[in-house]
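Coordinate analysis (summary)
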Amino acid sequence: MTKVAIILGRGVEGCGVTKNAVEFNNYYKNSTIFAVDDKKWPRINSMHVDRRDFTGADAASVGAVVDTINREYDLVIVFSVPSLKHSEETAENFIGMLRAINKPKSLIQVDHNFASIARNARLDEVCECMDVLMTHSLAGAFAQWCTREGVSTPLITMGVGFDYAAHRKKFWKPIDEQVSKKLTWIGRCALWKGPVEVIDLHNNFLRPYSFITTLEGLEASVQSTLITHFDGATRKNPRDAIELIRGANRKRARSFYGNEEPGAAPYLYPDYTHDECMERLATAAFGSDLYHLKAEFYGNNIEYCHAEVVATGTVPLFHKHFGDNITHRKTGLKATAKPSGTIWYDPENPKAAADTILSLSADPVKRDEWREMAYEFWKGHSSASDVYDDIIDKTKKSKLMARTVNSSLESFF
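Residues numbered from 1 in each chain as written. Predicted model: local features only at pLDDT ≥ 70, side-chain atom pairs only at ≥ 80, totals over all residues. Heavy atoms only, no water.

Attention shifts here to the overall build of the chain. Of regular secondary structure, the chain possesses 18 helices and 14 strands. In terms of C-alpha radius of gyration, the chain reaches 22 Å, essentially the compact-globule figure of 22 Å for 413 residues. Counting only residues that meet the buried cut, the chain has 57% of its 413 residues in that class. When contacts within the chain are restricted to residue pairs at least 6 apart in sequence, long-range pairs at least 24 apart make up 75% of them. (Helix = DSSP H or I, 4+ residues; strand = E, 2+ residues; numbered from the N terminus. Rg over C-alpha atoms; globule rule 2.2 N^0.38 Å. Buried < 20%, exposed > 50% of the residue type's maximum accessible area, 1.4 Å probe, protein only. Contact = heavy atoms within 4.5 Å.)

With that out of the way, let us pick up helix H16 (residues 364-382). Over its 19 residues, H16 extends 27 Å from the first C-alpha to the last, a length consistent with the 27 Å expected when each residue adds 1.5 Å. What H16 keeps buried is the set Arg-367, Arg-371, Ala-374, Tyr-375, Phe-377, Trp-378, Gly-380, His-381 and Ser-382. (Expected span 1.5 Å × (residues − 1).)

In a structure, side chains of opposite charge can pair up when their charged atoms sit close to one another. Applying the stated criterion across every chain yields a total of 27 salt bridges. Linking Asp-386 and Lys-330 is a salt bridge whose minimum nitrogen-to-oxygen distance equals 3.5 Å. Of this pair, Asp-386 sits in helix H17 (residues 384-398) while Lys-330 sits in the loop between helix H14 (320-324) and strand S14 (343-345), and the two are 56 residues apart along the sequence. For Lys-330, a relative accessible area of 56% corresponds to the exposed category. We note a salt bridge from Lys-394 to Asp-390, for which the minimum N-O separation is 3.0 Å. In this pair, Lys-394 and Asp-390 are both assigned in helix H17, four residues apart and thus about one turn of the helix distant. What makes Lys-394 buried here is its relative accessible area of 6%. In this structure Asp-390 comes out as partly exposed when scored by relative accessible area, which is 28%. Sharing partners across several salt bridges, the network here consists of Glu-88, Glu-92, Arg-99, Arg-122 and Glu-125. (Salt bridge = Lys/Arg side-chain N within 4 Å of Asp/Glu carboxyl O.)

Counting across every chain of the model gives 24 aromatic pairs. Taking the centre distance of 6.3 Å and the plane angle of 40 degrees together, the rings of Phe-211 and Phe-286 count as tilted. Note that Phe-211 is positioned in the loop between helix H8 (195-206) and strand S9 (212-216) and Phe-286 in strand S12 (residues 284-289), a separation of 75 residues in sequence. Residue Phe-211 shares its accessibility class with Phe-286, and that shared class is buried. Taking 4.4 Å as the distance between ring centres and 40 degrees as the angle between the ring planes, the aromatic pair formed by Tyr-257 and Tyr-269 counts as tilted. Of this pair, Tyr-257 sits in the loop between helix H11 (253-256) and strand S11 (267-268) while Tyr-269 sits in the loop between S11 and helix H12 (274-282), placing them 12 residues apart in sequence. (Phe/Tyr/Trp six-rings, centres within 6.5 Å; stacked < 30°, edge-to-face > 60°.)

Written out as C-alpha cells, the structure reads:
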C-alpha cells in the first residue's frame, strides 16, 4: 500500500489548510503529517492533529525528515509552505528539503486571493521543486499567479474531500433534539464567507419570529470590525448584534453557549475548538457558510464549513452564487439545477431563503427529509474516497509526466 508523507510547511494553523491535511490523514491511514513547529499559530489547538513536528530553522531536524521520507515513504503531498513570518532559515531549509526528497511531490494550493498567496515565503522556488501543482481552478488566483511568475511546474485541479459518514456518526442528532428556530453560521473573519449577510438575514427576517442566530469563529482581528460595525475600524456605528469576540466580552462567551434568547440580536462568538463547535452546531436546525467568490475562482470545490454543516445534520443555507457556479461531480449539473435539500441565499431576494427557513422550522418531517437529501447530494459531490484517491493517483503519475503546457495536463491525468 502506498505510504504518503503530508507536509505542513506553515505549521499547524488550525484553519482550512490544517483541516484539509487532517481529513486526508484520517481517510488515508497509511499517511503521516510532518509539521514545521517554528511558529505557534493562535488556532494551533482548535482541532486534533496527529503529527510529527520538526523545526524548520534547524538543518539537522529537517535532514532527519528528508531521510525518513526518502527511506520509508512513496510520495509526498505538501499542503502548506512557510509564511513570510517564518525565519529566512526556515524558508531556506524548507526549499532544501524539497530538493532533497526524491519521491513524487505535489503541492496543494487552496488560497483564493492574491494577498494570501503573497504571504507564502519564496513560493516560486517551492513550486519549481515540485513535480505537480494542484489548485481549485485553472482560472483562479493561484493559476494567474503561476502565469505571472513564469512557474514551469505543471498545474492541474484537485478536489476538497470530506468523510461525511464519520462526521455524521459522531455529531448528527435526531430531529427532535434540535432547536427548530436556530441558525448557526461557522467560519472566520472573512467577508466572502458571508457573516454580515447572516446578521442581516436574522435581524430583518428571522428575529421577528423568535429565532436564535449564532455565528462562530470570529477572531478579534481588524477584519472583524467590518462585521461588528458599519464603519469598520472607526467603531462608532455598531451593528445590532451581541458581540462576544473581544476583551471582556470574549471572556463571557462560554456563559452564553446554549443560553441564547429567542428573538435576541445575533450572537457573535469567537474562534472555537472544533468538536465543541460541532456539538453546538448539531443542536441547530439550520447551518450556514455563505462562501462566495468571483465565479472563476470556485473550481468545483466546497469549503469544509459547507461539509460540516451538512454532515452534522443541519439543513444547509449556502450562497446561490456559489451553487450557480460549481458543477456536481456525479450529476454533471450546476448545484442549484435540481432540489438538493439546500436553501440557497440570493442577495437579490434574501426573503425567499428566510421564508423557506421559517416553513421548515414548523415542519420537522419535511426538515428531516431536506437534511437527508442534502447529505446524499453533497456526499456524492465531495466524498473523501473519490477526492483523495484522485490526489494520490495524480501525485504518483507526476514523476512520469513530461514537462508540458498546462492546457494538455488534464488529458494526461
